[in-house]
Structure formats: C-alpha cells, structure tokens
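The chain contents come next:
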Amino acid sequence: WHQALHVWQTMKRQASKPSKRMLSSSHLERAVVRRFTFFLASVCPLTTTCLVPSPSFIPSHRYRSGIDRCQQQRRRFGVASLHDMQGLMQTQPSSLCAETDTHMAMDEKNENINLLDTNNMSVNQTAFVDAIEEIVAKRNVLRDFRKSDQDLEQTKQSLIGMFSISNLPPCSVSDFLPPSTNGVKGYTKQKLQERRELYLDKTNLTLDQHKLGTVLLAHLADHCAKTSNPKPLYAAWDNILSAGMTPLSRTLSTYLYVLSLDGDADSEERDIAAEVAMLHDALYEPTEKTVSLLVKSLVARGDAAGAEALLDGIADGSLSELLRHRTTSPILQLHCENGDIGSALRLYHRMRTTSRVKMDDLTYSNFIAAVAENGYFLPDSKDVEGGKDLGYESVSGPKLLDALIAEMAQDVLDISEESAQILQTGFAVGFQGMECAANSLDPLTSLCGNEAMVANRVAVDHDTGKCPATNATLRLIVLEPEQRVHVHDTLLEMARAKSMDYTAKLAAKGRVTHDHVEKAELATKILKDFSDWLDCREGRPYTAIVDGANVAYFGWGKVNVHQLNLMVEALKKQGEDPLVVFPQKYTRRKFHLRQGMMQVLQDEELEILDKLKENDQMYVVPPMCLDDMYWMLASVSNQTASTNGSSIDVAKNNEEGRFPGLRPIVISNDKMRDHKDELLDEREFRRWACSHIVNYNFTEFIEDQQDEREISFHAADIFSDEIQGNECPDGAVAWHFPLWDANERFCLRLPSANGN
C-alpha cells in the first residue's frame, strides 16, 4: 500500500508537467484517478476490498471501477474466493512481492507510472475510456441495458482493459478478409467468429456480454457523431478487431462518417478508415463511400493499378452506379503525377463517359496541364499510347489540345484562378525553351507574335469582343434549336410549381384560403394558352418582348405608365414590333403597390393602357400568375404562323440600323435571381440571357414625368460567358476561359508551327 501511495504521488507530479497543463483540472483529475486504479489492478492482481481500503483521495465510483478491474484480474489468476487468496498469500508471499517489486522498479526507473502502460496510453485510448464511461452514465443507454447491469459493467471493464490483455494474440483487419476479391462467401464472418471464441476464452466473458460490447461500441459511434470527435473510435476499432465483433452496416457507416471528420487522419501511418471500409465490404454490399476510401488508400500507397482493378470489379457488376468523381479522380491524379499519360487518358475517357461522374474544372485543368507538361501538345510530339482506340482523331499536338478543351467546354462553363495557375504552370513546363508571352497571370495588353505560347490573363474588348493578345474575336453562343425547345417546355413544367409556391405565400398572408391546387392548375393552363396563342396568331411577329412591370417601375418606385409608353414608341422607331407583358393588377385604376401604399392611375394613363391592348401590343397577365414566366416563354416562342417559316433575327451592321441579334429580344433590367438556378440549366440560362436580354436606361426627366426622354439600349453581353475556342488570323485556335471580371479571360493559344 505504501508503494501504491508512492505511485500516486509520482503520477500527480507527472500531471503537473507543462505538457499536461492544456487539460482542464477536472479532466486531469479523472485521468490520474483512472490510471491509478488501473495501476492497482495491474500490479496487485490479488487485491480485494478487504486487503486494500478505499483511499480518501479517490472518488468512490472510480475506486469501484478499479476494484472491478481487480476482480477481473483475480479471476484470471484463478483465485475464486477471499479464503483461497489468503492461502495463496501465505504459501507464495515471495512471488507476489516479487511481482509488485518488479512493477515498482520499472515505474521508479522511468518515472512513468501508468496502468496499461499509462504514459504510453495514447490520446485516442484516453478519449475512448472517457467516452465509454460517459456513455454508460447516460440514462438512455442504461435503459437499453436495464436487465443486464452487471453484465454491462463487466463488459465495460473488459473494453477499457483491452489494451492490457497480454495473452490475446494480436490481429489486424487483413486476418478477416478473404484471400481474393472472389473469396468464399461468409469467410469474414467465420474468421470473426473464430476470433470471438478466442477472445471469450481469454477474458472469461459470456456470449451475451460480448454482444453487449458490440452494442456499446455502436452507442459510441453515435456519441462520437454527435460530438464530432473521432478520437475514441481509433481505440474502439482495435477493440472490435481484437474481440471479433460483427458490427452492423449502419454502425460501420457511422464510423466512416466520424473518421472523415479527423483532419489529421492523413498523417497517421495506419489508415483506419480504409480498414473499416474493407471490413464493411467483406460483410455487406459495398457503398460509394467505402469504395472511395479504399481507392484513396490504394492511391496513398502509390498503387494506381490496384485502384483501377478495384474500379474494374465494380464497373462490370451491379455496383457500376457507385462510380463517382471522388472515386475516380484520385487515380487520375496519380497517373498524372507518375507521367503515365496513356493510362490517364484512358481513365479520363472512362470518367467522361460514365454518367454519374461529374468532372469539375480542377480535374480537367490538372489533366490537361499534365498532358502539356509531358510534351504531348508539341507539334512534333509522340502519340499518346492508346488514344486512337478511344476515338480521338489526333492523339498529339494542337489538335489533341483542341479536342480535350472542347470536351471540357461541354461540362464546365468557367474556371477558378487556381485552375488558371495550374494550366499556366503546366504549359510553361511543357513548352520550356520556347517563347512564352509571360510567366504570370498579369493581364496582357499587347498583341503576341505567332511563335509565342500564350497562357495568360487578358481583358477582351467589350464592344468588339477582340482578344488583345491573339486578335481572335469571341462570339455570342446562342441557344441551339433543341435547347430552345427545352427552355420552352421547362417553363411550362415549372409554371405549376411556381404557382403553387405563389399561392401558398398568399395563403400565409391570409389572401387565399382554399383551392391552391386548382388555382395552380388554372395558372398553368393559362400560360399554355398564351404559348399556343403566340404560335398560332397571324400578323406581324413580335420582335421585342417588354417586361412591363420592370420598365414601368424603373427609377420611380411606383408604376409610371408614361414611361412604359415611351419604351413602346422607341422600339417602334427602331423597327421593332413590341409586346408588353403586364400584370393585370397594374391595369386597374386603384391598386396596392406595397403594404400601406396605394396608387391611383389617372384617366390619361388608363387610356394609354387601353390603346396598347387595342393595338395588340400588350398582353395582360391574369391574377395569380407570374408575369416573368410569360415574357421568358415569349422570347423562345417560334411564332410559327406569324413568321411563316422565315427568320426574324437581325444581322450585324444592317441597313435599318436595328439592334443586331436574335429575335425576339427581351427588354428588361431584371437580374433574374429568382429563376437563374431553379428554372433552367446554367448553360441554357447563360445562353438565353446573353442572346435575348437587352438592358435599357432612361435619361432623367427635367420638369414633367410625361416629357419624352432618350432611351439607350445595350445587350447584356456582346460575347458569351462560357469557355470557347475561336480562330486567330494566323489560323491557330485561341481558347478563352471566363474567370475574373466580366470581360477578363484566361487565354490559351499554342505557338503556330514554324512560326507561321
């Protein structure tokens, strides 16, 4: 007992070291007390409550835990009762003292006194013990084990003491995995069962207690998920393997989720997350998460072939849908780092043709930069191995670059500055020794020679669309015919959902009380009728659709009918045939602008509205319908009857001086924040907005709001805000990637062959 007191004092002294001061005082006290009680169990395996009185400096519940541990040790030594133990002490006192003296000598020599070799007990093990005791103290856990209190306590102590079980052979996850991917079904369960039987034999636990341990570690997974603390699970995983437990699939998934929260996991020599994934896939159906972790583990070891073999096994079976970007991109990156461009191109092609793999700008940029670094874009470079088999017409030189960026442009609209830097670095390395326009991302402002490689930032002229470095002219990319149809149909499909949302908001304000669905169906039908009317009406086709509410409100904060009329007259003077889309609410004499504010239209204003309606220059949107849907849909209407199959688009530099571009144009300053993401695909939205939206501005009135004022028009974009390639005057192709401000691009152009 005096030796134990010495241990206590030494541990307290150890705890006062600076390295321990980051712990709170309560946490420190719990750790020291727990380790001391473990020490009692470790160096005094025959101790009982009769021989060792409860010390006043140890909380009773923690001392009780230590005593329970002592009792386990006593059972291990085969001492069944106090009488047997007393007899053993009388017959073999020297051996007992020798055991104690040996432990104490080691402790005094190293000044590292711990139970389970406490100072070597890792942070993860300490966190595990704390978490287990915290979980067992929870009421809901106790309720789950209300019929097994004693078993629970023994199970808990066996889990906590697992680190000190010396007579249990070590094991690893590989001991439970089939020797091949096509191993015998049930192999892992059989091996776990064999380990479980060995564990029960060495610990004297029952099968029920073993099951309780499995359930307790499942509670631990949930606890760690709630606290976002992965540390206890590292020690818990060793418990699972050592005890031959068979966790549920849900439990293993929770382990994977929590382990993914550990930012330091990559620095660990042992990949616990990969081990969990291996065991999961050996017991249950693989998931996308487990496959990704296994791929990541193989890539970390530099085994690109093994990672691809894993993908091959998945792609050929029913699990092909598990392939995702995060599953395949690490392998592609490893191929690129190894300079194996043939394998990289093969995997890249596989990723592009797998519907569930969505490649981003960084993936494309890293791959293209790697191809450039290895010299495959040089005019006289060798062919990429296997490229012809993948369907590429040219597998080296500038044409290969054009093919790869054209594929990138199908999936990516713009790039990040990080991607631009990656591309610039890759091409600078690949074209080392040749003239480069610049080696930084500072904007180029002057024309570069044909023999120079351009991989730089440029500011494209807003009015002409010309690139200052290559003299290539960027173009406006419009909606293709099938895209126009898709936009038209999407608007009709979304009309019902938007109407439902709108009526629900009105209902929340007490303005609509019933028949939400019926009103939404009616709103959808009215929009469809409007579409049919545009398509079937005869007469001159509409070439300009006016967002009436936007124009009437512009600069006023209330409805200005005179301003709306000025817009119509200005468009007519420019040779347009306008149609104003206007909510019915604003055609009444009196209406609410917003809460607490009413507007009353004058007779003259009502006459203007009536005249527009009589001349078929205004479509009044009924109540409970969204006017945005109407003018958006009108912009992509074919107007079949009125156009009679002829084009109504306006060419550049036309003799009439009309605003060039597609027809009908949409006159609006609406930023379309409500519809950009929820109605249309981003590429379709950009093309629609670039080719149809025309912004406007009014000069300020001087005396009267009815005075005629000058109106200026300008397209939202002169050239499209997406990746595009355009021919330079020398015949080379210059690629421009949207990146910085509205007119700034990352420009990429290879030097012309022989400088021509």
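Anything mentioned here points back to the structure above.
The structure reproduced in this document is the subject of the present report. (Residues numbered from 1 in each chain as written. Predicted model: local features only at pLDDT ≥ 70, side-chain atom pairs only at ≥ 80, totals over all residues. Heavy atoms only, no water.)

### A few points about the overall build of the protein
Looking only at helices and strands, the protein has 28 helices and twelve strands in total. Within the protein, the fraction of its 756 residues that count as buried is 49%. Taking all contacts inside the protein whose residues are at least 6 apart in sequence as the whole, residues at least 24 apart take part in 70%. Just so you have it, the protein exposes about 37300 Å², and 48% of that area is on carbon and sulfur atoms. (Helix = DSSP H or I, 4+ residues; strand = E, 2+ residues; numbered from the N terminus. Buried < 20%, exposed > 50% of the residue type's maximum accessible area, 1.4 Å probe, protein only. Contact = heavy atoms within 4.5 Å. Areas by Shrake-Rupley, 256 points an atom, 1.4 Å probe, with all protein chains shown as cover.)

### Comments concerning the packing of helix α16 (residues 325–337) against helix α18 (residues 361–373)
Between α16 and α18, whose axes approach to 10 Å, the crossing angle comes to 20°. With respect to their mutual orientation, α16 and α18 come out roughly parallel. When the axes of α16 and α18 are compared, the crossing they make is left-handed. Counting all contacts with α16, which are made through His325, Leu332 and Cys336, the residues of α18 involved are Thr363, Asn366, Phe367 and Ala370. A breakdown of the residues in the contact of α16 with α18 according to their chemical character gives four nonpolar, three polar and no charged. (Axes fitted to C-alpha atoms, helices over the stretch in contact; angles between N-to-C directions. Parallel < 35°, antiparallel > 145°, perpendicular 65-115°, else oblique. Left-handed = near helix turned anticlockwise from the far one by under 90°. Nonpolar A, V, L, I, M, F, W, Y, C, P; charged D, E, K, R; others polar.)

### Some remarks on the nonpolar core
Note that soluble globular proteins tend to have their nonpolar side chains buried in a common cluster. In terms of nonpolar packing, the biggest core is built from 54 residues, with Phe367, Ile368, Phe377, Phe427 and Phe746 touching the most fellow members. In this structure, Phe367 is in contact with Leu332, Cys336, Ala344, Leu345, Tyr348 and Leu404, ignoring residues within four places of it in sequence. Within the second largest apolar cluster, 43 residues are counted, among which are Ala131, Leu192, Ala235 and Leu294. (Core = buried A, V, L, I, M, F, W, Y, C linked by side-chain atoms within 4.5 Å.)

### Details of the sheet that holds strand β10 (residues 724–727)
With antiparallel pairing, the four strands of this open sheet are ordered in space as β1-β12-β11-β10. Each of the sheet's edge strands pairs with one partner strand only, and the pair in question is β1 (454–459) and β10. Each strand axis lies, on average, 30° off the axis of its neighbour in the sheet, ignoring direction. Looking at chain direction, β10 and strand β11 (residues 733–738) are connected through four bridges and run antiparallel. Counterpart to Gln724 in the pairing with β11 is His736. Helix α19 (residues 397–411) contacts β11 and β12 (744–749) of the sheet and is inclined by roughly 25° relative to β11. The strands touched by helix α20 (residues 417–430) within the sheet are β1 and β12, with β12 carrying the most contacts at an inclination of about 25°. (Pairing = 2+ DSSP bridges.)

### Details of the pairing of β10
Side chains Gln724 and Asn726 project from β10 onto a buried face, and the interleaved Gly725 and Glu727 project onto a face without burial. Connecting β10 to the antiparallel partner β11 that follows it, the hairpin turn spans five residues, and Gly731 within it adopts a positive phi of roughly 95°.

### A few points about the packing of aromatic side chains
Scanning all chains against the criterion turns up 18 aromatic pairs. Between Tyr696 and Phe698, the ring centres sit 5.9 Å apart and the planes meet at 80°, which makes this aromatic pair edge-to-face. A relative accessible area of 2% places Tyr696 in the buried class. Site record: aromatic cluster; members linked through ring pairs are Phe530, Trp533, Tyr542, Tyr619 and Tyr630. The ring of Trp533 is capped by Arg537, whose NZ or CZ atom sits 5.7 Å from the centre of that ring. (Phe/Tyr/Trp six-rings, centres within 6.5 Å; stacked < 30°, edge-to-face > 60°. Lys NZ or Arg CZ within 6 Å of the ring centre and 35° of its normal.)

### Concerning unusual backbone geometry
A cis amide bond links Arg663 to the next residue, Pro664, at an omega of 0°. Inspection of the secondary structure puts Pro664 in the loop between α27 (640–643) and β7 (665–667). Positive phi is not limited to glycine here, since Asn471 has a value of about 65°. Position of Asn471 relative to the elements: it lies in the loop between β1 and α21 (481–508). Assessed through its relative accessible area of 34%, Asn471 is described here as partly exposed.

### Observations concerning helix α25 (residues 603–614)
Helix length check: α25 (twelve residues) gives 16 Å between terminal C-alpha atoms against 16 Å at 1.5 Å per residue, within 8%. Buried within α25 we find Glu605, Leu606, Ile608, Leu609 and Leu612. Angularly, the buried residues of α25 cover 155° about the axis, an arc narrow enough to put them on a single face. When the buried face of α25 is taken as reference, the exposed residues oriented beyond 90 degrees from it are Glu607, Lys611 and Glu614. Here the buried face of α25 lies against α24 (561–573), β3 (578–583), β5 (597–600) and β6 (618–621). Taken from the residues just after α25, Asp616 is the one with a positive phi, measuring 55°. (Expected span 1.5 Å × (residues − 1). Arc of directions from axis to C-beta.)

### Observations regarding the sheet that holds strand β8 (residues 693–698)
As summarised here, the arrangement of the six strands in space is β6-β3-β2-β7-β8-β9, forming an open sheet in which the pairing is mixed. The open sheet has two edge strands, β6 and β9 (711–715), and neither has a second partner. Within the sheet, the average angular offset between the axes of one strand and its neighbour, ignoring direction, is 25°. For strand β2 (residues 544–547) and β3, the ladder comprises four bridges, and the chain directions are parallel. Following the sheet pairing, Val546 is matched in β3 by Val580. Against the sheet, helix α26 (residues 627–635) contacts β2, β3, β6, β7 and β8, and its axis sits at roughly 165° relative to β2.

### Looking at empty space enclosed by the protein
As enumerated under the stated definition, the model contains three cavities of 30 Å³ or more in all. By volume, the largest cavity is sized at about 50 Å³. Around the largest cavity, the lining residues are Ala495, Ser499, Ala523, Leu527, Cys625, Leu626, Met629 and Tyr630. Mapped onto the lining of the largest cavity, the elements with two or more residues apiece are α21, α22 (516–536) and α26. Of the residues belonging to the lining of the largest cavity, the class tally is seven nonpolar, one polar and no charged. (1 Å grid on protein atoms, 1.4 Å probe; cavity = no way out; pocket = protein on both sides within 12 Å on 5 of 7 lines; lining within 4 Å. Points joined across faces, edges and corners; volume = space filled by probe spheres on them.)

### So, the environment of Ala742
Examined against the element boundaries, Ala742 turns out to sit in the loop between β11 and β12. By relative accessible area, which is 64% here, Ala742 ends up exposed. Each C-alpha atom of the pair Ala742 and Asp721 lies 8.0 Å from the other, and the pair is 21 residues apart in sequence.

### Here we look at the packing of helix α9 (residues 187–203) against helix α11 (residues 231–243)
It is the contact of α9 with α11, at a shortest axis distance of 7 Å, that shows an interaxial angle of 95°. In terms of their interaxial angle, α9 and α11 are classed as roughly perpendicular. Facing Arg195, Arg196 and Tyr199 of α9, the residues of α11 in contact are Leu241, Ser242 and Ala243. Residue composition of the contact of α9 with α11, by class: three nonpolar, one polar and two charged.

### Structural notes on the pattern of salt bridges
Inspection of every chain in the model, using the stated rule, returns 23 salt bridges. The shortest N-O distance in the salt bridge between Glu194 and Lys191 comes to 3.7 Å. In this pair, Glu194 and Lys191 both sit in helix α9, three residues apart, roughly one turn of the helix. A relative accessible area of 27% means that Lys191 is categorised as partly exposed. Taken together, the salt bridges that share partners define one network made up of Asp414, Glu682, Arg686, Asp721 and Arg745. (Salt bridge = Lys/Arg side-chain N within 4 Å of Asp/Glu carboxyl O.)

### With respect to the environment of Asn450
Tracing the backbone through its elements, the reader meets Asn450 in the loop between α20 and β1. What makes Asn450 partly exposed here is its relative accessible area of 29%.

Note that every value here comes from positions in space, so none of it alone points to a role or purpose.
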